[in-house]
Amino acid sequence: MYAIIENGGKQYKAVEGDYIDIDLLPDEVGKKKTFDKVLLLSTDGSTEVGEPYLKGVSVDTMVVSHFKGPKIIIFKYRAKQRYRVKTGHRQKHSRVLVESIAFSGKSGGAKKSEGIVTSKKTTKKAKTEVKKPASAKVKTVAKKTTKKAKTEVKKPASEKVKTAAKKTTKKKATADEKTTSADKK
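Described below are features of the structure shown in this document. All values derive from a computational prediction rather than experimental measurement.

Some words on the overall build of the protein chain
Scanning the protein chain for helices and strands turns up three helices and eight strands. Relative to its 185 residues, the protein chain shows a buried fraction of 23%. Restricting to contacts in the protein chain with at least 6 residues of sequence separation, those with at least 24 account for 63%. Carbon and sulfur atoms make up 55% of the accessible area of the protein chain, which amounts to about 14700 Å² in all.

This is the structure in structure tokens:
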């Protein structure tokens, strides 16, 4: 059983127990929201189509979370004009849980789906509690930068000259030994 609902000029397929990502709602997380603009209802092989909406049919939902969608890059370009503009956008969305589809003549099937809904609520809460606060991320970045500063110690120029001089004296000494051994033979 499913219903097609309209919200914000867009159409969404609502199935009991599933989540729908819709445009941002002004409601807080945990609030109930009822959508009564139902365009189509399909139950057990029969389909009802509204003109434009069905009367006496509604979809009961609960707001689960608010989030931002993926980033969209807008790049404007005009050839041979040196005109380039790059901007980005992230659309805000709300995730709602479809609790039930209410219509006249509905049987006791709604009670079975309510048990499934409660189990999904608990798993969703467990996933959101794992997130680290933003301040912890900032502290780890600061620690990494201080380590880099400690390891980058430069030697003075006078030490470099001394090591170069030592290398040349070693080369000369080995060359002198080779010539003396050749002279002895």
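What to know about the pattern of salt bridges
If you walk through the whole model with that rule in mind, you get three salt bridges. With a shortest N-O distance of 2.7 Å, aspartate 21 and arginine 95 are connected by a salt bridge. In this pair, aspartate 21 sits in strand E3 (residues 19-23) while arginine 95 sits in strand E8 (residues 83-102), placing the two residues 74 residues apart along the sequence. For arginine 95, a relative accessible area of 22% translates into the label partly exposed.

Considerations on the packing of aromatic side chains
Inspection of the entire model under this criterion finds one aromatic pair. Centre to centre, the rings of phenylalanine 75 and tyrosine 77 are 6.4 Å apart; their planes meet at 15 degrees, and the pair counts as stacked. Looking at arginine 78, its charged tip hangs above the ring of tyrosine 83, at a distance of 4.6 Å from the centre.

Quick look at the environment of lysine 13
Turning to its location among the elements, lysine 13 is positioned in strand E2 (residues 10-15). Since its relative accessible area comes to 52%, lysine 13 is described here as exposed. Not counting residues within four places of it along the chain, the set of residues in contact with lysine 13 comprises Tyr2, Ala3, Ile4 and Ile20.

Let's talk about the sheet that holds strand E4 (residues 32-35)
Taking strand neighbours across the sheet as the criterion, the four strands line up as E3-E8-E7-E4 in an open arrangement whose pairing is antiparallel. Each end of this open sheet is capped by a strand with a single partner; those strands are E3 and E4. Each strand of the sheet is rotated relative to its neighbour by a mean of 45 degrees, with strand direction disregarded. Relative to E8, strand E7 (residues 58-78) is paired through 18 bridges, and the arrangement is antiparallel. Its bridge partner lying in E8, isoleucine 73 is registered against glycine 88.

Cut-offs used in this document
Residues numbered from 1 in each chain as written. Predicted model: local features only at pLDDT ≥ 70, side-chain atom pairs only at ≥ 80, totals over all residues. Heavy atoms only, no water. Helix = DSSP H or I, 4+ residues; strand = E, 2+ residues; numbered from the N terminus. Buried < 20%, exposed > 50% of the residue type's maximum accessible area, 1.4 Å probe, protein only. Contact = heavy atoms within 4.5 Å. Areas by Shrake-Rupley, 256 points an atom, 1.4 Å probe, with all protein chains shown as cover. Salt bridge = Lys/Arg side-chain N within 4 Å of Asp/Glu carboxyl O. Phe/Tyr/Trp six-rings, centres within 6.5 Å; stacked < 30°, edge-to-face > 60°. Lys NZ or Arg CZ within 6 Å of the ring centre and 35° of its normal. Pairing = 2+ DSSP bridges. Axes fitted to C-alpha atoms, helices over the stretch in contact; angles between N-to-C directions.

These results come straight from atomic positions and should not be treated as a statement about function.
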